[in-house]
Amino acid sequence: MQFTINTHGPGLYEFTTQVRDAVQGTGVLTLFVQHTSCSLLIQENADAEVKTDLTNYFHRLVPPTTDPSMSYLRHTYEGPDDMPAHIKAAMMPTSLQIPVIDGQMQLGTWQGIYIFEHRTARHQRRVVGMLR
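These figures come from a predicted structure and were not determined experimentally.

What counts as what
Residues numbered from 1 in each chain as written. Predicted model: local features only at pLDDT ≥ 70, side-chain atom pairs only at ≥ 80, totals over all residues. Heavy atoms only, no water. Pairing = 2+ DSSP bridges. Helix = DSSP H or I, 4+ residues; strand = E, 2+ residues; numbered from the N terminus. Axes fitted to C-alpha atoms, helices over the stretch in contact; angles between N-to-C directions. Patch = residues over 30% accessible without salt bridge, like charges linked within 9 Å, V, L, I, M, F, W, Y side chains within 5 Å. Areas by Shrake-Rupley, 256 points an atom, 1.4 Å probe, with all protein chains shown as cover. Salt bridge = Lys/Arg side-chain N within 4 Å of Asp/Glu carboxyl O. Contact = heavy atoms within 4.5 Å. Buried < 20%, exposed > 50% of the residue type's maximum accessible area, 1.4 Å probe, protein only. Arc of directions from axis to C-beta.

Things to note about the sheet that holds strand β4 (residues 38-44)
Spatially, three strands are ordered β2-β7-β4 in an open sheet, and the strand pairing comes out antiparallel. Each of the sheet's edge strands pairs with one partner strand only, and the pair in question is β2 (11-14) and β4. Between one strand axis and the next, the sheet turns by 40° as a mean value, whatever way the strands run. Pairing of β4 with strand β7 (residues 111-117) involves seven bridges; the strand directions are antiparallel. Bridge pairing in β7 links Q43 to G112.

Comments concerning a nonpolar patch on the surface
Among the surface-exposed residues, Y57, L61 and M91 lie close enough to one another that they form a single nonpolar patch of about 300 Å² accessible area. Inspection of the secondary structure assignment puts Y57 in helix α2 (residues 48-61).

Overview of the sheet that holds strand β1 (residues 2-8)
The antiparallel open sheet is built from five strands, whose spatial order is β1-β8-β3-β5-β6. Each edge of the open sheet is held by one strand with a lone partner, namely β1 and β6 (104-105). In this structure, strand β5 (residues 95-101) lies alongside β6, joined through two bridges in antiparallel fashion. Bridge assignment links I101 to a residue of β6, and that residue is Q104.

As for the side chain of T65
Within the secondary structure, T65 is located in the loop between α2 and α3 (82-91). Sequence-distant contacts of T65, defined by excluding residues within four places in its chain, comprise M70, L73, T76, P80 and P84.

Concerning α3
For α3, every residue scored as buried is listed here: D82, P84, A85, K88 and A89. Buried residues of α3 fall within an arc of 165° about the axis and therefore sit on the same side. Tucked into the core, α3 has its buried residues touching β4 and α2.

Geometric descriptors of this kind do not, in isolation, establish any biological role.
Now the structure itself:
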């Protein structure tokens, strides 16, 4: 199975419904994002402030290279968010495992599956999944 998630700047983009609609059977679902400047997260999906706070926290933790504290970075070929996006992706998962029983993901009540986009430009992110 493959999922395409369109992003339009830094933040969390939920795609739980797409995954839920594609999953059948029982096993462990592995999801893997095929990019090096975004991440995959299981995170709260009830309060939008969680997404905003996470985005703001990681922006503060790893600001763009226009911030004087990041002047030591050299990989800036695609702009001031280039290397900071790679750093954030290195800090967070690029794959997830979720138990599935009888076609139902065993997520908690408030859990959703997200792409965490670290770039400012629009992207089409691909996530591949396999149930075993």
